[in-house]
Amino acid sequence: MSSTEIGNLKPKDLAVYDNDAYFMISTRETPCFVPEDAFAILLSYMEQRQDKEYLFYNSRGNRLNTMYFSRMMKIYTQMADIPSYSAESLRSTCGVIMYAYGADSKQVTLQMAD
């Protein structure tokens, strides 16, 4: 998912089917699968979040924008004492890893589409 897609998520976009979680993103043809470990973290977050329009929000209750994600990536890479990288490079690496684990071009394209 792109930073823009994540920032635009609303609680109603999350769907659970047969114990699998997906985000229903209007600009994508297929739902975006949420891995089990990420879903567990998301459930914990949702238990404590305030009732706001967007799933993820800033201190003013507004949706997160791409600049916010960029700043957070810089902060967390510094805290982890690892080289700084962008959310876009992390997303691109995800695509490479999908290929490495046997995903075909169509599967990668569907997951990486904005």
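Calculation criteria
- Numbers given to residues run from 1 along each chain, matching the order in which its sequence is written.
- Reporting in this predicted model follows two pLDDT cut-offs: at least 70 for local features of residues, and 80 or more for side-chain atom pairs to be given and counted; totals over whole chains, interfaces and linings ignore these cut-offs and use all residues.
- Side-chain metrics in this entry use all non-hydrogen atoms of the structure; hydrogen atoms and water are not considered.
- Pairing between two strands requires that DSSP report at least two bridges joining them.
- Helix and strand labels come from DSSP, where a helix needs a run of H or I of at least four residues and a strand needs a run of E of at least two; each type is numbered from the N terminus.
- Note on method: axes are straight lines fitted to C-alpha atoms, helices fitted across the in-contact stretch only, with angles between N-to-C directions ranging 0 to 180 degrees.
- In what follows, a contact means two residues having at least one pair of non-hydrogen atoms within 4.5 Å.
- Residues enter patches when their relative accessible area tops 30% and they take part in no salt bridge; the joining distance is 9 Å for like charges and 5 Å for the nonpolar side chains Val, Leu, Ile, Met, Phe, Trp and Tyr.
- All accessible areas in this document rest on Shrake-Rupley with a 1.4 Å probe, and a residue is counted as covered only by the protein chains that are shown.
- The working definition used for a salt bridge is a side-chain nitrogen of Lys or Arg within 4 Å of a carboxyl oxygen of Asp or Glu.
- Charge counting treats Lys and Arg as positive and Asp and Glu as negative, with His and both chain ends excluded.
- One atom stands in for each charge, and that atom is NZ of Lys, CZ of Arg, CG of Asp or CD of Glu.
- Each residue is placed in one exposure class: buried if its accessible area under a 1.4 Å probe, protein chains only, is under 20% of its type's maximum, exposed if it is over 50%, and partly exposed if it falls in between.

Draft legend 1. Quick peek at the sheet that holds strand β2 (residues 20–23). Strand order across the open sheet formed by three strands is β1-β2-β3, with antiparallel pairing between neighbours. Every interior strand has two partners, whereas the edge strands, β1 (14–17) and β3 (32–34), have only one. Across this sheet, the average inter-strand angle for adjacent strands is 35°, counted without regard to direction. One ladder, built from four bridges, connects β1 with β2; its direction is antiparallel. Following the sheet pairing, Leu-14 is matched in β2 by Phe-23. Relative to β1, helix α2 (residues 36–48) is tilted by about 125°, and along the sheet it contacts β1, β2 and β3.

Draft legend 2. Expanded view of a negative patch on the surface. A surface patch of negative charge is lined by Asp-18, Asp-20, Glu-36 and Asp-37. Note on placement: Asp-18 falls in the loop between β1 and β2. Residue classification places Asp-18 among the exposed residues on the basis of a relative accessible area of 76%.

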